[in-house]
Each structure stands twice: as C-alpha cells, then as structure tokens.
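Single-letter residue listing:
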Amino acid sequence: MPTLPKFLDPADAVAHLQTYTSPDGLSVEELMNGRLHGGLTYNDFLLLPGRIDFPASDVITESRITRNVVLKTPFMSSPMDTVTETEMAVSLALLGGIGVIHHNQPAENQAAMVRAVKRHENGFITDPVVLSPTHTVADVLDIKARLGFCGIPITDSGFLGGKLVGIVTSRDIQFESPDIPLHEIMTTDLVTAPQGVTLNEANIVLRSCKKGKLPIVDDQGRLTSLLARSDLLKNQNFPLSSKNPDSKQLCAAAAVGTRPNDRDRLRLLVEAGLDIVVLDSSQGNSIYQLEMIQWIKQTFPKLEVIAGNVVTREQAANLIAAGADGLRVGMGSGSICITQEVMAVGRPQATAVYAVAEFANKFGVPVIADGGIGNVGHVVKALALGASAVMMGGLLAGTTEAPGEYFYHDGKRVKAYRGMGSLEAMDAGKSGPSAPANGRPGSVKHAPYPKSAPHENAATTRYFSENSTVKVAQGVSGDVQDKGSVKAFVPYLYAGLQHSLQDIGVKSVEDLKKGVRDGSVRFELRTASAQVEGGVHGLHSYTKRLYT
C-alpha cells in the first residue's frame, strides 16, 4: 500500500495563504499594463470572486456622476436620437439613473423635453402651469397634449401669485366642448394649505383630503405653489428616483454641441430647469470645448458640466483644467460606431476607462464609461476600472421608452437604432425630402426615422464635419430587437449589479473601487478560448432568458 503524502493541518489553511508573495490573480495595475497586454476590452478579463457575508439586497449602488450630483444607480442613457427623449429621461430618473436628452432637434423641442422631465415629479411645484377663468377647455387639452397633465389651478389673473378661484381636473373637462370657458366647469370647493407649510405637513393634508392637487396659498388667498398626489405615489413606487435635493424635481440632463449657436440653445435649456449639460463631441480635446466649458462656468456657475469624449489622460487634463465636473470616456467602442475602423483613432474601452479614471479621480472628477456596454458584467467591469457610471445606447435602444415605432424585420419586432455619426443622423433636420433610413429609395429594410423641423444638425457638429462637402460616416444604421420597457429592464440591471458585487465580496460601488485600489479585488485575463468557455457552449439549441 503506497505511503500517503504528509498534508498540512486543514486548520492552518487560511494562515498558510500568508506564505504566498501576492494574492491570487492580478492587481488592476498588472492587468492594465498596456506594454504587456495591449489595449483591453471588457471581454478580455474577469474579476475574481471574494467572500460573501451579506445579502445582495444590502449592496448600495449609489455613485457620483459629477462633482456635485450623486445617483442611486450608475445608469445613464446616451444622447442619441434613437435612444433618449422625454419618456426615456423620465423613466431612467424615476429608476435612479439619468437620461441625457439628445440635441439633434430644434432647441425649443429639446427645452420642452427638459421642462417635461422637471414637471413630471415635484415636491412643491413652485412654477405650476396656471390658467384664468376665461381660458377654455381647449387650452387645458393643449397642456395635456404637450406636458402630460391637466390638473391646473385657476387664478383671477391667470398667473402664479393671483388669487386662487378654482382648479380644473381631467374629470372637469370630460365630455366638454373645447370652447367652453373654464369658469363654467372648474371646481371651486378647494382644500388648500397655508404658505410656510412643510412638505411632510402638506403631504399629510393631501393624503387626508383625497384630492389630486393641493394648492398652497398665502394669507390673502394668492397661489404660491402646488403639491400633487401623483408625486406621493411615485415616491412610493420609485424610491431610488434621481431628484434635485432642493426642488425635489427629477434631475434633467441634456446634450449640446460646442458651436456659437449652442450657447443660445443652452440658455433655453437652463430656463427649462436643466441640472446637467453634456458637451457632445466625438473628440473632446478641442479649443471649441475648452472655451465652451469656460463660458458655461462663467454664465451658469451652478450648472454641472460633463465634458468629452476622451480616451487619454492628456485629453482629460485639458478638460479638467477648464472646469469640467465630469468626463465622458469612449471613442469608437459603441455597437454602431465605426470611428476606430474609419479614422484609425480611438482606444479599446476598458483601457480607455482605466487610463482616464486613474488620472481624473486624483482631481475629484468622476468618469462615465460611454460605449461598449452590452450586459450587466460590462457595467461591473467599467465600475471596477474606475468609472462612476455607464452610458448606454444600444442596450436601451429597442425599449418601449426609446424614440421611434416598432416594426418587423425578419419576423422579429424591432426598433430603428443609428449612430450619431451615421449619414442618416447627419441628414436629420435638413429642409426638403429626407433620405431613406438605409440610403436606398423604396427600401423597407429599416423603418424611417421620425422627422423634425429644420435645425442645425448635431451629428455633423459632433464630428466636426458641418462644413464638409463630403460627409464621412463614423456610424451605421440598423435595428435592435424589442426589449420591453426600461421599467422592467433597468431593475434587472440593478439587481444584476447587486448580485455581482455580492460575488466579488463588496457592499457598495465605493467599496469596489477601494478594493481595486488597495489590491484586495483581483482580476484575471481571459484568452480567446476562455471567453468561449465563459459563454454558452456545447448545446444543440438553447433559450437565453435574462430576467422575469
């Protein structure tokens, strides 16, 4: 009988780890050594598991996306005309993220979208829509069509500060002729609260009176603000929602370019209540953007500015010095972007995020990983490399809240999705007939994109090609499969992020970053065969359902 080898005492297993010169796996510095490994994408590495001693529900996903704005979830939608308009921006804000409204549209339209986001949910509504008794039902219907609500206070002057004389609700205008004046149908039996009431006290009154709206009046009966019952319900249904801490309104973000006309556009957006402006450029290290940042900081010192896009610390340094509050990282890594292929310029996204975040974090400037996010795992990897949030385009395109209509392509229900560097995006806003979506007359392969009034094209200014006779595409057009509503999809991303951090053994995004910095969170490179092994393989067929 062979002699058994002599084993160490199992009780000493944990202590024996100290005999190794380093923990298992790689530190982030070893992983991201470009001279050894070249540029890496999110698929090129994994995080190693840690120790679990807490439930996934305890994981905090809160993260700072600018110097002064913190989100409960690190999710942002891209300012693309097939991704983010009012519905997406509202939904993401309710779910703890933020949507960046695109600027490939007239400035007035974009400002109206920002205004709709700000009005969607409020604490005290300090600038409510107000009408007079001589306005008509048609005016209320117009407000409902534009802003999505019709509970409107009526004052003698038709303005905030006038004496409150009634209120009009959806019930009041049902079955009424559009030309009937409001004084004939408005509700005059009102429950009000006095000016100076606290938000908690006003909420108690609203709960007890069973009314939809609670007007706040001064001692002379003049309207000073408003509180809505629907907002109480939203507070219960969406506890993570992203709100301005002072006004309690949803946070609104929008993109602008860096041309002179964009300064006028930004003024309209700020008047509408904008919280964060994203300077939208494919290459952010330009004199145009530096001057724009400086002008914004002088003109609107309280407005948060996210600059970019950048992929190197040299690019980042100039924008940080100019006053940027956050940086957007990515060049050519999006699913519909061909900048790296056509321009031979860019950087693999994982390497770009790490390089910029490592530098920017020294100055307290958060980094947003923009592009290349295809699943929950990519979100986690971006955060581990130093990003404070991820910006998603293709992952949110195809949802109910994304702009555009569904159509069928090869038997699947899809929505159109295009890069802002595509020729189709560069043609948007031109007067005259629009080009078909895929460039061929009479083709129905892709549904046509929504048309808007003529306007300065954001896609051409983003790629510095507005004066070019020949437009060089840096993006493509296509379609993406129906993903359902973001109200189901984003909670899946949130739960997936919580479970991933639990596997890593950290209780928050901040703990993840701290663990990466001190070397306790470890990484592993993946070979091509390891990537195959890590996906579904060896099956004749399968169904991949991500969530229920």
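Conventions adopted
- Residues numbered from 1 in each chain as written.
- Predicted model: local features only at pLDDT ≥ 70, side-chain atom pairs only at ≥ 80, totals over all residues.
- Heavy atoms only, no water.
- pLDDT = per-residue confidence, 0-100.
- Contact = heavy atoms within 4.5 Å.
- Pairing = 2+ DSSP bridges.
- Helix = DSSP H or I, 4+ residues; strand = E, 2+ residues; numbered from the N terminus.
- Axes fitted to C-alpha atoms, helices over the stretch in contact; angles between N-to-C directions.
- Buried < 20%, exposed > 50% of the residue type's maximum accessible area, 1.4 Å probe, protein only.
- Salt bridge = Lys/Arg side-chain N within 4 Å of Asp/Glu carboxyl O.
- Phe/Tyr/Trp six-rings, centres within 6.5 Å; stacked < 30°, edge-to-face > 60°.
- Lys NZ or Arg CZ within 6 Å of the ring centre and 35° of its normal.
- 1 Å grid on protein atoms, 1.4 Å probe; cavity = no way out; pocket = protein on both sides within 12 Å on 5 of 7 lines; lining within 4 Å.
- Points joined across faces, edges and corners; volume = space filled by probe spheres on them.
- Nonpolar A, V, L, I, M, F, W, Y, C, P; charged D, E, K, R; others polar.

Engineer: Just to check I follow, could you spell out the confidence of the model for the chain for this structure?
Structural biologist: Close reading of the predicted structure is inappropriate where its pLDDT is low. With 90% of its residues at a pLDDT of at least 70, the chain reaches an overall mean of 88. Between residues 432-449, whose pLDDT stays under 50, and residues either more than four places distant or in other chains, the model counts 32 contacts.

Engineer: I would appreciate a short explanation of the sheet that holds strand β18 (residues 412-418) in the present structure.
Structural biologist: Consider a sheet: its strands pair through backbone hydrogen bonds, and that pairing is either parallel or antiparallel. The three strands lie next to each other as β17-β18-β19, forming an open sheet whose pairing is antiparallel. Looking at the sheet topology across the chains shown, the edges are occupied by β17 (407-409) and β19 (477-481). Going from strand to strand, the sheet's axes swing by 60° on average, the running direction of each strand aside. As paired elements, β17 and β18 share three bridges and run antiparallel to each other.

Engineer: Hey, could you run me through the environment of Leu 226 in this one?
Structural biologist: Structurally, Leu 226 is set in strand β10 (residues 223-228). Under the relative-accessibility criterion, Leu 226 is labelled buried at 2%. Each C-alpha atom, one on Leu 226 and one on His 537, is 58 Å from the other, the two residues being 311 residues apart in sequence.

Engineer: Sorry, what's going on with the environment of Pro 366 here?
Structural biologist: Its place among the elements puts Pro 366 in the loop between α14 (349-360) and β15 (367-370). When the C-alpha atoms of Pro 366 and Ser 63 are compared, they prove to be 9.2 Å apart, with 303 residues separating the residues in sequence. Not counting chain neighbours up to four residues away, the residues in contact with Pro 366 comprise Arg 64, Ile 65, Thr 66, Arg 67, Asp 325, Gly 326, Leu 327 and Ser 388.

Engineer: Sorry if this is basic, but what is going on with the pattern of salt bridges here?
Structural biologist: Opposite charge on two side chains makes pairing possible when the charged atoms of those side chains draw close. All told, the structure shown has 15 salt bridges when counted by the stated rule. The partner of Asp 81 in a salt bridge is Arg 418, with the nearest N and O atoms 2.6 Å apart. Highlighted residues: Asp 81 in the loop between β4 (75-77) and α4 (86-94) and Arg 418 in strand β18, separated in sequence by 337 residues. Just as Asp 81 is buried, Arg 418 falls in that class too. Each of Arg 67, Lys 297 and Asp 325 takes part in salt bridges that share partners, so that together they form one network.

Engineer: Is there a simple way to think about the pairing of β18 in this case?
Structural biologist: The side chains of a regular strand alternate, residue by residue, between the two faces of the sheet. Taking burial as the measure, the seven residues of β18 include five buried ones, the bulk of the element. Hairpin connection of β17 to β18: two residues between the antiparallel strands, including Asp 410 at a positive phi of 55°. Relative to β19, β18 runs antiparallel, the two being bridged by five bridges. Looking at the pairing, Tyr 417 lines up with Gly 478 of β19.

Engineer: Even after reading the chapter, I still don't get the packing of aromatic side chains, so can you show me in this structure?
Structural biologist: For any pair of aromatic rings, the description rests on two quantities: the centre-to-centre distance and the angle between the ring planes. On inspection of all chains with the given rule, the structure shows four aromatic pairs. Taking the centre distance of 5.8 Å and the plane angle of 85° together, the rings of Trp 295 and Phe 300 count as edge-to-face. Phe 300 shares its class with Trp 295; the two are buried. Between the NZ or CZ atom of Arg 413 and the centre of the ring of Tyr 406, over which it lies, the distance is 3.8 Å. The side chain of Lys 415 reaches across the aromatic face of Tyr 406, ending 4.7 Å from its centre.

Engineer: Teacher, can you tell me more about the layout of surface pockets here?
Structural biologist: Rolled over the atoms, a probe as big as a water molecule pinpoints where empty space is left. When its volume is computed, the second largest pocket comes out at roughly 830 Å³. If you go around the second largest pocket, you meet 32 residues; those closest to its centre are Lys 118, Asn 244, Pro 245, Cys 251 and Asp 275. Elements with a minimum of two residues in the lining of the second largest pocket: β3 (70-71), α5 (107-120) and α10 (260-271). Broken down by element, the lining of the second largest pocket gets its largest block of residues, three residues, from α5. Residue composition of the lining of the second largest pocket, by class: twelve nonpolar, eight polar and twelve charged.

Engineer: Even after reading the chapter, I still don't get unusual backbone geometry, so can you show me in this structure?
Structural biologist: Glycine aside, a negative phi is what most residues show, and trans is what most peptide bonds show. Put simply, Gly 308 and Asn 309 share a cis peptide bond, and its omega is 5°. Even without a glycine there, the phi angle at Phe 175 is positive, about 65°. The class for Phe 175 is exposed, based on a relative accessible area of 84%. Here Ala 344, not a glycine, exhibits a phi torsion of approximately 60°, which is positive.

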